[in-house]
Amino acid sequence: MTDEQTDDYANFDANAFNRQVVEEFRQNNGKLSGWMEGWSLVVLTTIGAKTGRRREGPVGYFEVDGQSLVVASAMGSPKNPAWYHNIRKNPQVTVETGTETYEAIATITTGAERDALFAGVVAQDAGMGEYQEKTTRVLPVVTLRRIDAEPIAGAEPAVESAESTSDSGADRVRGMGDFLVEGHDWIRKELIELRAQVDEIIAGGADDAALERAKPSLAEQMRTHCLEFCAAVKQHHMGEDMGAFPMLAQQYPELAPELEKLGEEHKVVARLQDEIRQLVEGYVPGKSDPVQLRERLEVLASELEEHFAYEEKTVVAALNTMGPAPNIP
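Residues numbered from 1 in each chain as written. Predicted model: local features only at pLDDT ≥ 70, side-chain atom pairs only at ≥ 80, totals over all residues. Heavy atoms only, no water.

1. Details of the packing of aromatic side chains
The condition that has to hold: Any Phe, Tyr or Trp ring, taking Trp's six-membered ring, that has another such ring centre within 6.5 Å forms a pair; planes under 30 degrees apart are called stacked, those over 60 apart edge-to-face, and the others tilted. Criterion for a charge above a ring: Lys NZ or Arg CZ within 6 Å of the ring centre, and within 35 degrees of the ring normal.
If you walk through the whole model with that rule in mind, you get zero aromatic pairs. Arg114 extends its terminal NZ or CZ atom over the ring of Phe118, reaching a point 4.4 Å from the ring centre. Lying over the aromatic face of Tyr310, Lys261 brings its terminal NZ or CZ to 4.1 Å of the ring centre.

Take a look at the structure:
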């Protein structure tokens, strides 16, 4: 390489080049001209691991044994490309093929699965084998599992419900992350019901003798409901701390800080639960103050919703890569 060639390479603006490729890709329905004519590419949009911003770029695209995938080759450079670090933090990505746009979960393959898929890639593109020979790192092979319901041409994708199907007829798999959200929604519903019962008791306190006589029965319902609710939340968080979160930490090491934060929040929620349970168990109709109980329930509801929202934003997409949800009626 001459000094002039070295200077040209040093001054090469990869970001500007990628922007040009993406622009041509979108203008021509995924087709490129010049020396890139005939290449199989997709535009992959990830969420920046550090910035949280959307990052897009062209990536070589392959299908091996019906599995869509990309390879973090970086043309055989010593370091993995930035998009690879992004999916380790947030595996939900947007894929543009030129004719459709859809959401997917990016899963980093390992061991024999990775090796078999990479062999299939090399069979299609010998250059990938040459990239592997240039570097000591094992080129990551990343599968793309579609999670939206229907392809959206020229539009921002939207994640559809677990029961939806794609236009190819394939069922959208209901994953572990979906199961987590379902659990959250059940707890949200139960907490609304519990607060409604307390509101009814508060309203009854200023009414006539007939409502006054109904209080003990309603209070007992509230007590039973609260105990069931608290037990459900405890079981839900124990399942995360002892099962789901350790598996996530192993597969996605960069999620460790978020998982640790969620674990600490579980302790806060448990403390609030204990306080609520004590208030409910000690509630005596006509003597105890239901307004105080209602206020503490509001605190618990606010804490839980903030916790659930953060959890759903952080780990649901990653959990969906761990396998299908359990079939619990």
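2. Here we look at the packing of helix 6 (residues 176-204) against helix 9 (residues 290-320)
We apply this condition: To obtain an axis, a line is fitted to C-alpha atoms, over the contacting stretch when the element is a helix, and the angle between two such axes runs from 0 to 180 degrees between their N-to-C directions. Secondary structure elements are taken from DSSP: a helix is a run of H or I of four residues or more, a strand is a run of E of two residues or more, and numbering for both begins at the N terminus. Should an angle fall under 35 degrees it is taken as roughly parallel, and over 145 as roughly antiparallel, whereas 65 to 115 is taken as roughly perpendicular and any remaining angle as oblique. For this classification, the nonpolar set comprises Ala, Val, Leu, Ile, Met, Phe, Trp, Tyr, Cys and Pro, the charged set comprises Asp, Glu, Lys and Arg, and every other residue, Gly included, is treated as polar.
At a closest axis distance of 10 Å, the pairing of helix 6 and helix 9 adopts a crossing angle of 170°. The pairing of helix 6 with helix 9 is recorded here as roughly antiparallel in orientation. Tallied by class, the residues present in the contact of helix 6 with helix 9 amount to 21 nonpolar, three polar and nine charged.

3. With respect to the sheet that holds strand 6 (residues 141-146)
What counts, and what does not: Whether two strands pair depends on DSSP finding at least two bridges between them. Here, residues are in contact when the closest pair of their heavy atoms is within 4.5 Å.
Taken in spatial order, the six strands close into a barrel running 1-2-3-6-5-4, and their pairing is antiparallel. Along the sheet, successive strands turn relative to each other by an average axial angle of 45°, direction set aside. Note that strand 1 (residues 41-47) and strand 2 (residues 54-64) share seven bridges and pair antiparallel. Bridging across to strand 2, Ile47 finds its partner in Arg54. Running at roughly 85° to strand 2, helix 4 (residues 111-124) makes contact with strand 2, strand 3 (67-71) and strand 6 of the sheet.

4. Structural notes on unusual backbone geometry
Phi at Asp65 takes a positive value of approximately 55°, unusual for a residue other than glycine. Locating Asp65 in the fold gives a position in the loop between strand 2 and strand 3. Here the phi dihedral of Ala74 falls at roughly 50°; this positive angle occurs in a residue that is not glycine. Tracing the backbone through its elements, the reader meets Ala74 in the loop between strand 3 and helix 3 (82-89).

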